[in-house]
Amino acid sequence: MNAPLIDPFARKIDYLRVSVTDRCDFRCTYCMAEHMTFLPKKELLTLEELDRLCSTFVRMGVRKLRITGGEPLVRKGIMTFFEGMSRHIGGPLDELTLTTNGSQLERFAQPLWDAGVRRINVSLDTLDPEKFRAITRWGSLDKVRRGIAAAQDAGLRIKINTVALKGFNEAELFDLLAWCAAENMDLTFIEVMPMGDMGEVQRLDQYWPLKDLRARLAERFTLTELAHRTGGPARYVRIEETGQQIGFITPLTHNFCESCNRVRVTCTGELYMCLGQEDMADLRAPLRASEADAPLEDAIRRAIARKPKGHDFDYSRQAVEGQVTRHMSHTGG
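Reference entry: report on the structure contained in this document. Source: prediction; values computed, not measured.

Right, let's get into unusual backbone geometry. For the bond from Gly69 to Gly70, the omega torsion is 25 degrees, close enough to zero to count as cis. Relative to the helices and strands, Gly70 is located in the loop between β2 (64-68) and α2 (78-85). In this model, Arg137 sits at a positive phi of 70 degrees, which is unusual for a non-glycine residue. Topologically, Arg137 is positioned in the loop between α4 (129-136) and α5 (141-154). On the accessibility criterion, Arg137 (16% relative accessible area) is buried. Unusually for a residue other than glycine, Asn184 sits at a positive phi of about 55 degrees. One can find Asn184 in the loop between α6 (173-182) and β6 (186-191).

The structure is reproduced here in structure tokens:
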């Protein structure tokens, strides 16, 4: 094991999120334009390169690895990558997990369990089939719900991630809560983030501050703050009346950067030290330039030494400040 990755603010970096593809079988209105131009496949890291890259990070102290996209399960041959990475579980790696839209879970739930995945996040913003199709543009809620059922049958623990969208799912707040309680699933709400050009969609029109959502919950329920952390940016409360654990990811109304322990690698091998900053390091070049890992390790350490204290997302003054140009599907959710 190499010396741990420590950033300039004495934060230990032990959580890596890796996008394995920018492609997705949905076109969610807050994530992608309807007619996306995807990257040429030659620019993407191969599955072998992804394995080598992730294994290097694990050797350098990463304890949690989350696979993202796009939709990671649409990447051809992706299970060979999960099966390969499973060799690290129970050794230096505490957890291998993924974030998915659920569309492919009916097919992949059991293989994921077999590869050592025990917990997954499923992105789901509405329980209304018509609204679901409208916001995903192409998706089928029924297919996603069948996938969730298959994941539960396989033994996977599920957390639902719901983006809070003004005028879209405000009226479903308590329905989502009740559904997750009935299905024994955790629920986390996320503020919409200013990433990528959405064409006709305006960020300010979508923005529903979670402090407002939380206040609405508190009108009906007793919320108790929890010290619980899962390695991510969420802050948690327990709803005393139901016993549910609810998470809030608030990059706009509450900057959660002080305890940030994570970095992101894009599907093209760019290492972003902060989701909300443009600074990045190219890891694909050292990965492809040498069969030795030393140049890759050096590039990683130099990048971590540039990790900023925090991001600058801001929706105040009726303008989107701190917006980054790349799409979330490229960076990884």
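Next comes the rest of the account.
This part is about the environment of Ile158. Relative to the helices and strands, Ile158 resides in strand β5 (residues 157-164). Classification of Ile158 as buried rests on a relative accessible area of 2%. When the C-alpha positions of Ile158 and Cys180 are compared, they lie 9.6 Å apart, and in sequence the two are 22 residues distant. Not counting the four nearest positions on each side in its chain, Ile158 is found in contact with Ile120, Val122, Ile148, Ala151, Gln152, Met185 and Asp186.

The topology assignment puts Asp7 in the segment before β1 (15-19). Here the side chain of Asp7 touches Arg11 through a polar contact of 2.6 Å, side chain to side chain. Look past the residues within four positions of Asp7 in its chain and what remains in contact with it is Ile13, Ile304 and Lys307.

Pairing in this open sheet of 12 strands is mixed, and the strands run β7-β8-β9-β6-β5-β4-β3-β2-β1-β10-β11-β12 from one edge to the other. The outermost strands of the open sheet, each flanked by one partner alone, are β7 (223-226) and β12 (280-282). Across the sheet, the mean angle separating the axes of adjacent strands is 25 degrees when strand polarity is ignored. Here 4 bridges tie β2 to strand β3 (residues 95-100), and the two strands are oriented parallel to one another. Opposite Ile67, over in β3, you have Leu98 as the bridge partner.

Locating Arg238 in the fold gives a position in strand β8 (residues 235-239). Every residue in contact with Arg238, bar those within four places of it in the chain, is listed here: Thr222, Leu223, Thr224, Leu226, Gly243 and Gln244. Among the polar contacts made by the side chain of Arg238, one reaches the side chain of Glu240 at a distance of 3.1 Å.

Of all 5 residues in β2, 5 are buried, a share of seventy percent or more. Of the two faces of β2, the one carrying Lys64, Arg66 and Thr68 and the one carrying Leu65 and Ile67 are both buried. Here β1 pairs with β2 via 5 bridges, running parallel. Looking across to β2, one finds that Ser19 is bridged to Thr68. On the question of chirality, the crossover connecting β1 to the parallel β2 by way of helix α1 (residues 47-59) is right-handed.

Right, let's talk about the packing of α1 against α2 for a bit. Packing of α1 against α2 leaves a shortest axis separation of 10 Å and a crossing angle of 25 degrees. Between α1 and α2, the angle is such that the two are roughly parallel. The interaxial crossing formed by α1 with α2 has right-handed handedness. For the pair α1 and α2, contact is made by Leu47, Leu50, Asp51, Cys54 and Ser55 and by Ile78, Thr80, Phe81, Gly84 and Met85, respectively.

The rules behind these values
- Residues numbered from 1 in each chain as written.
- Predicted model: local features only at pLDDT ≥ 70, side-chain atom pairs only at ≥ 80, totals over all residues.
- Heavy atoms only, no water.
- Helix = DSSP H or I, 4+ residues; strand = E, 2+ residues; numbered from the N terminus.
- Buried < 20%, exposed > 50% of the residue type's maximum accessible area, 1.4 Å probe, protein only.
- Contact = heavy atoms within 4.5 Å.
- Polar contact = N/O pair within 3.5 Å; in protein donor to acceptor, adjacent residues only side chain to side chain.
- Pairing = 2+ DSSP bridges.
- Axes fitted to C-alpha atoms, helices over the stretch in contact; angles between N-to-C directions.
- Right-handed = clockwise from strand over helix to strand, strands pointing away.
- Parallel < 35°, antiparallel > 145°, perpendicular 65-115°, else oblique.
- Left-handed = near helix turned anticlockwise from the far one by under 90°.

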